[in-house]
Amino acid sequence: MIELWAALTVSVVLYMTVWFVISIALKRSDVADTAWGLGFIVVAWGAYVLAHSPGGVALLINILVTIWGLRLSIHIFLRNRHKTEDRRYAEMRAKWGKAVIIRTYVSVFLTQGLLLLLISTPLILANGLEQSEHLWQYLGLIIWVVGFIFETVGDWQLTCFIQDPANKGKLMTTGLWHYTRHPNYFGEVTQWWGIFVLSLGSWPAYLGILGPVVITVLILKISGIPLLERKMQENPAFAAYAAKTSKFIPLPPHTQRH
């Protein structure tokens, strides 16, 4: 397993370095968002090739991660291709001044690569450990499917909403967004918990809980929901929407919900 982790770490560093070079050429660091989903595919199939004898569970997990990663990266690429650089990255670039190149490489691309590896823990263990099949792994597949539906449908609904000129300046509050302020984030986190449950074919695989814990903390407390809600709060309608709509877990709207 040590050799597997070392090889995958080198692969991720090289992968993120390539995207860093692309960002320099394009003069926009938000290509890191497109690289995110594809990076997990690199890790999944890298682990599959390098591991001694990954079984059917590992193959299923890799297929699910590939479906998720491709959809997410394509969605982000299509969303950003006709826009200027995401303001979060533009602000960082302006703040870093003369150190922008090295800071971008370390703070954006290498840091994202590290997070990618940590979140990938359950799929790496699934590929690298001898696995046996258990009935509870079907639950993991069901959890993943629920998460995939929430993320995919939530992204699609938001895209349709934004593309309608009549909705300019409005908040998305219908569809899945009627039950949670962040159905796509809920879906992403749920999928990784599903992957973790799927990976539980041996006792050492329980260490893979690190992956869903990292993505949950990242989205709930650091770079996902907090940053997005800071922007959403600029809209006068956000306070009323937030008061009745669950922040994360889908729930029926309530007039007093916070």
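Caption draft 1: Examining the side chain of N167 more closely. Within the secondary structure, N167 is located in the loop between α7 (136-163) and α8 (183-198). For N167, a relative accessible area of 16% corresponds to the buried category. There is a polar contact of 2.9 Å between the side chain of N167 and the backbone oxygen of F161.

Caption draft 2: Fine view of the environment of G69. With respect to the secondary-structure elements, G69 resides in helix α3 (residues 56-80). Along the primary structure G69 and L38 are separated by 31 residues, whereas in three dimensions their C-alpha atoms are 5.3 Å apart. When neighbours within four sequence positions are excluded, G69 is seen to be in contact with G37, L38 and I41.

Caption draft 3: Spotlight on the packing of α3 against helix α6 (residues 121-128). Where α3 contacts α6, the two axes come as close as 9 Å, and the packing angle between them is 150°. As α3 runs across α6, the sense of the crossing is left-handed. Mapping the contact onto sequence places A58, I61, N62 and V65 in α3 and L123, A126 and N127 in α6. The residue makeup of the contact of α3 with α6, split by class, is five nonpolar, two polar and no charged.

Caption draft 4: The arrangement of the packing of aromatic side chains in detail. Throughout the structure, instances matching the rule amount to 13 aromatic pairs. Here F20 and Y105 contribute two aromatic rings whose centre-to-centre distance is 4.9 Å and whose plane-to-plane angle is 50°, an arrangement assigned as tilted. Placement of the pair is F20 in helix α1 (residues 2-26) and Y105 in helix α5 (residues 100-119), with a sequence separation of 85 residues. Given a relative accessible area of 18%, Y105 falls into the buried group. Plain terms: the ring middles of F40 and W68 are 5.1 Å apart, the flat faces sit at 75° to each other, and that makes the pair edge-to-face. Here F40, found in helix α2 (residues 31-50), pairs with W68, found in helix α3; they are 28 residues apart in sequence, far enough to count as distant. Comparing F40 with W68, the two get one shared label, buried. Members of the aromatic cluster, connected to one another through ring pairs, are W36, F40, W68 and W192.

Caption draft 5: Inspection of the pattern of salt bridges at higher detail. Going through the model one piece at a time under the given rule, you end up with eight salt bridges. The closest approach of N and O atoms between E151 and R71, which form a salt bridge, is 3.9 Å. One end of the pair, E151, is in helix α7; the other, R71, is in helix α3, and 80 residues separate them in sequence. No difference in accessibility class separates E151 from R71, as the two residues are buried. For the salt bridge of D86 with R88, the shortest nitrogen-to-oxygen distance reads 3.0 Å. The partly exposed category is assigned to D86, whose relative accessible area is 24%. One salt-bridge network, in which partners are shared between bridges, spans D33, D86 and R88.

Caption draft 6: Fine view of a nonpolar patch on the surface. Residues L70, I74, F77 and L78 make up a contiguous nonpolar surface patch of roughly 370 Å² in combined accessible area. Turning to its location among the elements, L70 is positioned in helix α3.

Reading the values: rules and limits
- Residues numbered from 1 in each chain as written.
- Predicted model: local features only at pLDDT ≥ 70, side-chain atom pairs only at ≥ 80, totals over all residues.
- Heavy atoms only, no water.
- Helix = DSSP H or I, 4+ residues; strand = E, 2+ residues; numbered from the N terminus.
- Buried < 20%, exposed > 50% of the residue type's maximum accessible area, 1.4 Å probe, protein only.
- Polar contact = N/O pair within 3.5 Å; in protein donor to acceptor, adjacent residues only side chain to side chain.
- Contact = heavy atoms within 4.5 Å.
- Axes fitted to C-alpha atoms, helices over the stretch in contact; angles between N-to-C directions.
- Left-handed = near helix turned anticlockwise from the far one by under 90°.
- Nonpolar A, V, L, I, M, F, W, Y, C, P; charged D, E, K, R; others polar.
- Phe/Tyr/Trp six-rings, centres within 6.5 Å; stacked < 30°, edge-to-face > 60°.
- Salt bridge = Lys/Arg side-chain N within 4 Å of Asp/Glu carboxyl O.
- Patch = residues over 30% accessible without salt bridge, like charges linked within 9 Å, V, L, I, M, F, W, Y side chains within 5 Å.
- Areas by Shrake-Rupley, 256 points an atom, 1.4 Å probe, with all protein chains shown as cover.

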